[in-house]
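Structural characterization, general
What follows is the residue order along each chain.
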Amino acid sequence: MAKILIRGGTVVTMEEEDRSAVIENGEVAVTGPRITHVGPAGTAPAGFKPDKEINAAGMAVLPGLVNAHTHAAMTLFRGYADDLPLMEWLKEKIWPLEAKLTKDDIYWGTLLCGLEMIKSGTTTFADMYFHMNQVAQAVEKIGMRASLSWGLIESPPSSTVGLTLSQRFADRWHGAADNRITVMLGPHAPYTCTPDFLKKVIKLAQKLNVGIHIHLAETGQEIEDIKRDYGTTPVQLMDEIEMFEVPVIAAHCVHLNEEDIAVLAAKKVGVVHNPESNMKLASGIAPVKKMLTAGCLVGLGTDGAASNNNQNMWEEMHSAALLQKVASNDPTALPAYQTLTLATVNGAKVLGLSKEIGLLKKGYKADIILVNLQKPHLYPHHDLFAHLVYAAQGSDVETVIIDGQLIMENKQVLTVDEEEILFETQKRAVRLIKNAK
Ligand code: NI
């Protein structure tokens, strides 16, 4: 098995709830897919003979970032429709384009997203879209880790076609690509799936022993519609039909009352905060500080590129921290280290992968990024976490290891041909827009 030794960097393990888990001049040893040692310089076991040494002097060594909610192939729509009201944006711009997407478009769009994510230090993502076999193939090819859900909309009413597709997809891909791929079920939202349909989804999730990934309480309109149709809130409706008896990724959770927050905390629902998408679509501000105080599990995601417009988790951390401060009129809200936990260890918990990723720890999967601190915007060196959350850029990521494989070295992605991906996606985007008109 290939052995890698990363030496000389500032190792941020994310093992503690405070900021103490930092090893100056540390080293990380990797054997095959796993981390086999983390410690100060010179402490790797005497018999450890690396095939490859990586000099991390002047760099921070961190667990790979976890983007806990996105729609990867929507990178094809980046910059196509912006600054529009939500329903006009969806009905006139996004849906007509989505109707023209081919399986191959989705493969290439996912590769484009993967390329962007790797280059900005994301090693794992949770995706919900369609033609998911092609998404899985792209993940396998580019070498990332992903939790994949086939997006389900109950159309026509009572249709169970999506459930059959999802089951087939799970049978084929859950645990595939050396366990880098896990599968969840992806009912789109409480306003596109009825409670009866959702009950079938929950039953199937229990049968397959997988989780559920859903959009929840995203807009004020959704709160009004669910109240009108069912007399309750989206969160409490999901609780009533016992969705939270299986592991759930709940994207957005913007509009919540006190009881909703209590339910999310008690049922250990994996909430995903998408600050930039929520801002861009004017959905509102999720009460992240309140949720964290109440003991909710909160991760961080970009959402799709049509509503963000990038897949850069550093920008997402930055926005999340600033947004909580301005929303709560409290500059101490969501401090830097806590924000970094949302993008690493908490994201791993949200995806149900916290025994494998999210920390730099012996026995964990080797998903590791190196961030170059030798940049003007990261000098002088005071507080490392303040720099990482408030000043660092995605482009500061130099090297990425996923599952013990070197995926990017000195900014060169090694698993795919970058130029080919840019060429293919540009060509396909032009065709899509032409055909949708
Ligand atoms: Ni979404």
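Here's what I pulled together on the structure shown here. (Residues numbered from 1 in each chain as written. Predicted model: local features only at pLDDT ≥ 70, side-chain atom pairs only at ≥ 80, totals over all residues. Heavy atoms only, no water.)

1. A word on the pairing of strand β11 (residues 248-252)
Of all 5 residues in β11, 5 are buried; the element is thus mostly enclosed. In this sheet, β11 lies alongside strand β10 (residues 212-216) in parallel orientation, the contact comprising 5 bridges. Residue pairing in the sheet places H213 in a bridge with I249 of β11. Bridge analysis of β11 against strand β12 (residues 270-273) gives 3 bridges, and the strand direction is parallel. Bridge assignment links A251 to a residue of β12, and that residue is V272. (Buried < 20%, exposed > 50% of the residue type's maximum accessible area, 1.4 Å probe, protein only. Helix = DSSP H or I, 4+ residues; strand = E, 2+ residues; numbered from the N terminus. Pairing = 2+ DSSP bridges.)

2. Brief notes about the packing of helix α12 (residues 313-328) against helix α13 (residues 336-343)
For the pair α12 and α13, interaxial distance at closest approach is 10 Å and the crossing angle is 135 degrees. Taken together, the axes of α12 and α13 are oblique relative to one another. Between α12 and α13 lies a crossing of right-handed hand. Facing M313, M317 and A321 of α12, the residues of α13 in contact are T339, L340 and A343. Within the contact of α12 with α13, the residues separate by chemical class into 5 nonpolar, 1 polar and no charged. (Axes fitted to C-alpha atoms, helices over the stretch in contact; angles between N-to-C directions. Parallel < 35°, antiparallel > 145°, perpendicular 65-115°, else oblique. Left-handed = near helix turned anticlockwise from the far one by under 90°. Contact = heavy atoms within 4.5 Å. Nonpolar A, V, L, I, M, F, W, Y, C, P; charged D, E, K, R; others polar.)

3. A short note on the coordination of the nickel ion
Coordination of the nickel ion by the protein comes from H69 (NE2), H71 (NE2), H215 (NE2) and D303 (OD), over a distance range of 2.1 to 2.3 Å. The site at the nickel ion holds 4 donor atoms, and with the angles between them running 87 to 175 degrees, its shape is irregular. In the primary structure, the donors to the nickel ion are separated according to the pattern H-x1-H-x143-H-x87-D. When its relative accessible area of 0% is taken as the criterion, H69 is described as buried. Using a relative accessible area of 8% as the deciding quantity, one classes H71 as buried. (Donors = N, O, S within 2.8 Å, 3.2 Å for Na, K, Ca; no water. Tetrahedral: all angles 85-135°; square planar, octahedral: opposite > 155°, others 65-115°.)

4. What about the environment of V413?
Here V413 lies in strand β17 (residues 412-413). Through-space distance from the C-alpha of V413 to that of I142 is 8.9 Å; in sequence the pair is 271 residues apart. Among all residues touching V413, those that are not within four sequence positions of it are L115, I118, K119, I407 and M408.

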